[in-house]
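Descriptive structure summary
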Amino acid sequence: MASEVGELVRAAAGGDEAAWGELVDRFASVVWARARSVGLSATAAADVSQTTWLRLAEHLGTLREPDRLAGWLAVTAHREAVRVARLEARMLLVDPWTELAGLSTEEDPVARLVETEQTVVLLEALGQMPTRCRELLAALAGDPPKTYEELARQLDMPIGSIGPTRARCLARLRALVLEAENSDYEVAKSSRSSE
Amino acid sequence: MMRSRWSGTDEELVDAIRVAVSESEPPDGIVQQARAAFSLRNVVAQIAELDFDSAIDDDDLARVRATFGSRRLSFRTPALSLTIDIRDRPRRIVGRIEPPTPMTIVLRQPPAEWTVTTDEHGYFIFEQVAAGAASLRCWTPEGQSDVETEWVTL
C-alpha cells in the first residue's frame, strides 16, 4: 500500500509534475503541522514549509526509502523548524520587546507536544493510504458528517460497500499509526541510514 | 496514554481524523509554494551539502556569533567549499568560495533571484537579503563547475 507513495516519488523524480502535485496534496498538512509545532510565527512556518518542499524537489532522485516519504518530510520540516526557532530565540536575546511578547504563553507545552505528535502521526498515515481510502476517510471526517447516501453518491460507490470499506480503511489506518508509534521517535528513526 | 487514542472505536478514530485534518489544513499560499517547488528542482548542478550551521552545530560559537548578530553556514562538494556569514539588520550575506575561484553566484529566493560575481579572493556579497527559503547556485565562466547549495531558511 505504501508503495503508492514510492511510485509517486519515482514518477516525480522522472519529471512527472502531476505526481508531484499528488505528493503535495497528500503531505502538505504533515509539513505544515510540523513547521508550526515548535511555536514559530506563521511567516516563519511558511518559510520552513517552502524550504522542506524545495529540499524534497532537490532530493527526489536520491531518497533512500521513497516509500517512507512521510517520515522524511516530517523529519526535514522538524529539523528546519528547530533551526529557525533557534535563530528566533537568538533574536529574543537582543530584542527585549520581542522577548516580552514571547512570554505570554498560557498553553501547556507538554500537552501541546503530545498532541502535535499524535496529529502528525495520523496525518502521515492518512497520506500513505490508498487513494480510495483517503477519499472515503476525508469524506467521513467532513464537517458536518455525511450520510451513507451522500457518501455513496460523492464517491460513486454502492451504498452497501461503504460500511465494509470504511471498516477496512480504518483498520489499515489504525495499523499504520500503531506501527509508527511503536517504532522510535521520528527523528531517531530517520537518522538511521539503513537501506 | 497515547496508544489508547488509537485503540478506541472507529467513531473515535474518525473524530481524531476530523480534528487533525481541520487543525493542520495549510493555507492556499503554502500549498501553492509547495507545488511551485517542483519547477525549481535541480537537474544539472552538483549539490553542495550543508555541513555546518552555527544555528545548530556549534553552541559555543553560535553564542559568540549571536553577539554580532550573525550566522555561519558552510556547504561542501568534493571540489570546493562555500561559506557564508549572514548578518542581521539589515540582513546581508558575505560569502567565500574556496579554493578562490572566479564564479558567478546566484542567490535564489523564489520567485526572485540576484546575481553577483566573486572578487579575486573568492569573496562575494549580497545586500538587503530577505528572510525565507534560499539557495546559492555558483558556476565558473567556462562551465567547469556548476554547483547548487542545499536549500536553507534564512
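Reading guide: rules and limits
Residues numbered from 1 in each chain as written. Chains lettered and ligands numbered in written order. Predicted model: local features only at pLDDT ≥ 70, side-chain atom pairs only at ≥ 80, totals over all residues. Heavy atoms only, no water. Helix = DSSP H or I, 4+ residues; strand = E, 2+ residues; numbered from the N terminus. Buried < 20%, exposed > 50% of the residue type's maximum accessible area, 1.4 Å probe, protein only. Contact = heavy atoms within 4.5 Å. Areas by Shrake-Rupley, 256 points an atom, 1.4 Å probe, with all protein chains shown as cover. Salt bridge = Lys/Arg side-chain N within 4 Å of Asp/Glu carboxyl O. Buried area = accessible area lost by both parts, 1.4 Å probe. Polar contact = N/O pair within 3.5 Å; in protein donor to acceptor, adjacent residues only side chain to side chain. Nonpolar A, V, L, I, M, F, W, Y, C, P; charged D, E, K, R; others polar. Core = buried A, V, L, I, M, F, W, Y, C linked by side-chain atoms within 4.5 Å. Phe/Tyr/Trp six-rings, centres within 6.5 Å; stacked < 30°, edge-to-face > 60°. Lys NZ or Arg CZ within 6 Å of the ring centre and 35° of its normal.

1. Structural notes on the overall build of chain B
Helix and strand counts for chain B stand at four helices and ten strands. Counted from the first residue to the last, chain B has its helices and strands arranged as α-α-α-β-α-β-β-β-β-β-β-β-β-β. Looking at the 154 residues of chain B, the share that counts as buried comes to 45%. Within chain B, residue pairs in contact and separated by at least 24 positions form 46% of the contacts whose partners lie at least 6 positions apart. Carbon and sulfur atoms provide 52% of the accessible area of chain B, an area that totals close to 8,000 Å².

2. Considering the pattern of salt bridges
Enumeration according to the criterion identifies 19 salt bridges over all chains in this entry. The partner of Arg18(B) in a salt bridge is Asp15(B), and the shortest N-O contact between them spans 2.8 Å. In this pair, Arg18(B) and Asp15(B) both sit in helix α2 (residues 10-24), three residues apart, roughly one turn of the helix. For Asp15(B), a relative accessible area of 40% puts it in the partly exposed group. A salt bridge links Arg92(B) to Glu127(B), with the nearest nitrogen and oxygen atoms 2.9 Å apart. Placement of Arg92(B) in strand β4 (residues 92-98) and of Glu127(B) in the loop between β7 (123-126) and β8 (133-139) is noted, with a sequence separation of 35 residues between them. With a relative accessible area of 49%, Glu127(B) lands in the partly exposed category. Connected through shared salt-bridge partners, Glu4(A), Glu22(A), Arg26(A) and Arg134(A) make up one network.

3. Looking at the interface of chain A and chain B
Buried accessible area, meaning the area lost when the parts come together, often serves as the stated size of an interface. Residue-level contacts link 58 residues of chain A with 53 residues of chain B. Buried area between chain A and chain B, summed over both chains or domains, comes out near 5,100 Å², and the portion from carbon and sulfur atoms is 60%. On the surface where chain A and chain B come into contact, there are 15 residue pairs in polar contact (both at pLDDT 80 or more). For the side of chain A that touches chain B, the elements supplying multiple residues, two or more each, are α2 (17-36), α3 (42-59), α4 (69-94), α6 (109-128), α7 (131-140) and α9 (162-182) of chain A. A breakdown of the residues in the side of chain A that touches chain B according to their chemical character gives 29 nonpolar, eleven polar and 18 charged.

4. Describing the nonpolar core
Counting residues in each nonpolar core, the largest one holds 60 residues, and the members touching the most others are Trp20(A), Phe27(A), Trp53(A), Leu69(A), Leu122(A), Leu137(A) and Leu173(A). When residues of this core are assigned to their parent elements, the largest contribution, nine residues, is made by α2(A). Not counting chain neighbours up to four residues away, the residues in contact with Leu122(A) comprise Leu173(A), Val177(A), Trp6(B), Leu13(B), Ala16(B), Ile17(B) and Ala20(B). Leu73(B), Leu80(B), Ile86(B) and Ile97(B) belong to the second largest nonpolar core, which has 23 residues in total.

5. A short note on unusual backbone geometry
The peptide bond linking Glu98(B) to Pro99(B) adopts the cis configuration, its omega dihedral lying at -5°. Note that the residue after Pro110(B), namely Pro111(B), is joined by a cis bond; omega there is 5°. Examined against the element boundaries, Pro111(B) turns out to sit in the loop between β5 (104-109) and β6 (112-117). Its identity is not glycine, yet Asp156(A) carries a phi of approximately 55°, on the positive side.

6. Some points on the packing of aromatic side chains
In total, this model carries three aromatic pairs over all chains according to the counting rule given. Ring geometry for Trp20(A) versus Trp53(A): centroids 5.7 Å apart, planes at 80°, classification edge-to-face. Remark: Trp53(A) occurs in helix α3 and Trp20(A) occurs in helix α2; sequence separation between them is 33 residues. Residue Trp20(A) is classed as buried on the basis of its relative accessible area of 1%. Under the relative-accessibility criterion, Trp53(A) is labelled buried at 0%. For the pair Trp20(A) and Phe38(B), a centre-to-centre distance of 5.4 Å together with 35° between the ring planes defines the contact as tilted. On the criterion of chain membership, the pair formed by Trp20(A) in helix α2 and Phe38(B) in the loop between α3 (28-36) and β1 (46-53) is interchain, its members lying in two chains. Considered together, Trp20(A) and Phe38(B) belong to a single accessibility category, that of buried residues. The aromatic ring of Phe38(B) is capped on one face by Arg41(B), whose charged end is 4.0 Å from the ring centroid.

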